[in-house]
Amino acid sequence: MKQFLSVKDTSDPADLVRLARDLKKDPFQFENLGKRKTIGLIFLNPSLRTRMSMIKAAQLVGLNVIAFNLNQEGWKIETEDGVIMDGDNAEHINEAIPVISSYCDLLAIRSFPTLTDREYDYSEALLIKIQRLSSVPVINMESATVHPLQSLTDLVTIDELKKVERPKIVLSWAPHPRSLPQSVANSFLEWTLSHGHDITVVQPKGLELAKEFTGNAAVSYNQKEALSEADFVYVKNWSSYNEYGSIYRDPEWIISREKMRVTNEAKLMHCLPVRRNVVISEEILESPQSVVVQQAGNRVCAAQAVLVSLLKENG
Ligand code: CP
């Protein structure tokens, strides 16, 4: 693997899932692979899980880590070309990324979408620009449209918990007071479909995701019907793709214990952070059906699998 921007960079996602599960059992098997090398973790947006799991995974393979909140700890960054920089932004990305990558052997970046300019976000212009400016392989820690480290984690979690070869997986939209990216949902569909999973996405009318991500997933607008006999229920809010970035408010779409009764005692998944009693009821979130903490724990072995693959191929 030369870089890790999306599922398209992996020749076989199932291989990465197997490697992650193997690393979970034996985390120190590549403890010297990254020796004397450095990874830069650059955040343009907040993070708990991605930041900590990447640091832990990097340490497990012997890498030195520099984690940096670019806009808070450094100079404010300008990303557009051709601008007159007489405002708050003191540093241009055209210098910042070459400089940062000159200190590193791998560069990981988090940069959320604008949620105002769909064409710009869905072109992944910023991620592509960073990849072009970087002198070392780039890892996507959530970009405008995808969150591949999360999705690899999700596949690992499904793989270790599934009771049948091809479980029924439902991705359900749920309410949220803020305008959130579509990236986790997009990526989850992309990865589960690439894995040949049985996946249904259910959302209110108007909240359909981009067709390039829904692919041949089953699409439903009836939450109760979709949840019936599900083995895994992945809950996530996303803002509108059609009326780009707009928020839809319908508290009826919350995932509750009552709604989970029609499932096949489904495992409840969410990428976290989650607003309890808004997205998911506290009662079901704290029940044995909820695997959100196990899922978040798997962020380490998933990140480690990506680091091992990149280090092996990029010497
Ligand atoms: N799921 C996830 O990416 O969590 P953070 O935003 O806390 O990194």
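About the cut-offs
- Residues numbered from 1 in each chain as written.
- Predicted model: local features only at pLDDT ≥ 70, side-chain atom pairs only at ≥ 80, totals over all residues.
- Heavy atoms only, no water.
- Phe/Tyr/Trp six-rings, centres within 6.5 Å; stacked < 30°, edge-to-face > 60°.
- Helix = DSSP H or I, 4+ residues; strand = E, 2+ residues; numbered from the N terminus.
- Buried < 20%, exposed > 50% of the residue type's maximum accessible area, 1.4 Å probe, protein only.
- Contact = heavy atoms within 4.5 Å.
- Pairing = 2+ DSSP bridges.
- Salt bridge = Lys/Arg side-chain N within 4 Å of Asp/Glu carboxyl O.
- 1 Å grid on protein atoms, 1.4 Å probe; cavity = no way out; pocket = protein on both sides within 12 Å on 5 of 7 lines; lining within 4 Å.
- Points joined across faces, edges and corners; volume = space filled by probe spheres on them.
- Nonpolar A, V, L, I, M, F, W, Y, C, P; charged D, E, K, R; others polar.
- Near = heavy atom within 4 Å.
- Polar contact = N/O pair within 3.5 Å; in protein donor to acceptor, adjacent residues only side chain to side chain.
- Areas by Shrake-Rupley, 256 points an atom, 1.4 Å probe, with all protein chains shown as cover.
- Sits in = over half its atoms within 2 Å of the grid points.
- Axes fitted to C-alpha atoms, helices over the stretch in contact; angles between N-to-C directions.

## A short note on the packing of aromatic side chains
For the structure on display, the rule yields 7 aromatic pairs. Aromatic pair Trp173 and Trp253: ring centres 6.0 Å apart, planes at 80 degrees, arrangement edge-to-face. Placement of the pair is Trp173 in strand β7 (residues 168-173) and Trp253 in the loop between β10 (232-236) and α11 (257-260), with a sequence separation of 80 residues. Accessibility expressed as a relative area gives 0% for Trp173, which makes it buried. Pairwise contacts between aromatic rings join Tyr122, Phe213, Tyr241 and Tyr244 into one cluster.

## Brief notes about the environment of Arg36
Inspection of the secondary structure puts Arg36 in the loop between α1 (13-25) and β1 (38-43). Residue Arg36 is classed as exposed on the basis of its relative accessible area of 75%. Along the primary structure Arg36 and Asp105 are separated by 69 residues, whereas in three dimensions their C-alpha atoms are 9.6 Å apart. Here Arg36 is in contact with Gly62 and Asp105, once residues within four sequence places are set aside.

## Thoughts on the pairing of β10
β10 sits mainly inside the fold: 5 of its 5 residues count as buried. Going residue by residue along β10, you find Phe232, Tyr234 and Lys236 tucked away on one face and Val233 and Val235 tucked away on the opposite face as well. By the bridge criterion, 5 bridges tie β7 to β10 in an arrangement that is parallel. When the sheet's bridge partners are listed, Trp173 is paired in β10 with Lys236. Of the strand pairs in this sheet, β10 and strand β11 (residues 267-269) are connected by 3 bridges, and their pairing is parallel. When the bridges of β11 are listed, Tyr234 appears paired with Met269.

## Quick look at the pattern of salt bridges
Applying the stated criterion across every chain yields a total of 13 salt bridges. The partner of Lys162 in a salt bridge is Asp159, with the nearest N and O atoms 3.5 Å apart. Residue classification places Lys162 among the partly exposed residues on the basis of a relative accessible area of 23%. A cluster of three or more residues bridged by salt bridges with shared partners is formed by Arg21, Asp159, Lys162 and Glu165.

## Section: the layout of surface pockets
Estimates place the volume of the largest pocket at around 530 Å³. Lining the largest pocket are 25 residues, and of these Phe112, Glu142, Leu180, Leu272 and Pro273 lie nearest its centre. Counting residues per element, the ones that place at least two in the lining of the largest pocket are α2 (49-60) and α8 (183-194). Of the residues that constitute the lining of the largest pocket, the class distribution is 10 nonpolar, 8 polar and 7 charged. The computed volume of the second largest pocket comes to approximately 340 Å³. Looking at the second largest pocket, it is lined by 24 residues, and the ones nearest its centre are Thr79, Ser111, Phe112, Tyr120 and Leu126. Mapped by element, the contributors of at least two residues to the lining of the second largest pocket are β3 (77-78), α5 (118-122) and α6 (125-133). No other element matches α6, which puts 4 residues into the lining of the second largest pocket. Across the lining of the second largest pocket, the residue classes break down as 11 nonpolar, 8 polar and 5 charged.

## Considerations on the site of the ligand
All residues in the neighbourhood of the ligand are listed as Ser47, Leu48, Arg49, Thr50, Arg110, His147, Gln150, Cys271, Leu272 and Arg299. Leu48 is positioned such that a nitrogen or oxygen atom in its backbone is 2.7 Å from an oxygen atom of the ligand. In this structure, Arg299 approaches the ligand through a side-chain N or O atom, which is 3.2 Å from an oxygen atom. Coverage of the ligand by the protein chains reaches 92% of its 250 Å² of free accessible surface. The cavity that encloses the ligand is the largest pocket. Each residue belonging to the shell around the ligand can be placed in one class, and the counts come to 3 nonpolar, 4 polar and 3 charged.

## Some points on the sheet that holds strand β6 (residues 138-140)
Overall, parallel pairing links the 4 strands, which are arranged β2-β1-β5-β6 in an open sheet. Both outer strands of the open sheet, β2 (64-69) and β6, are each paired with one neighbouring strand and no more. Along the sheet, successive strands turn relative to each other by an average axial angle of 20 degrees, direction set aside. Both strand β5 (residues 106-110) and β6 contribute to a ladder of 3 bridges, which runs parallel. Residue pairing in the sheet places Leu107 in a bridge with Val138 of β6. Running at roughly 180 degrees to β1, α2 makes contact with β1, β2, β5 and β6 of the sheet.

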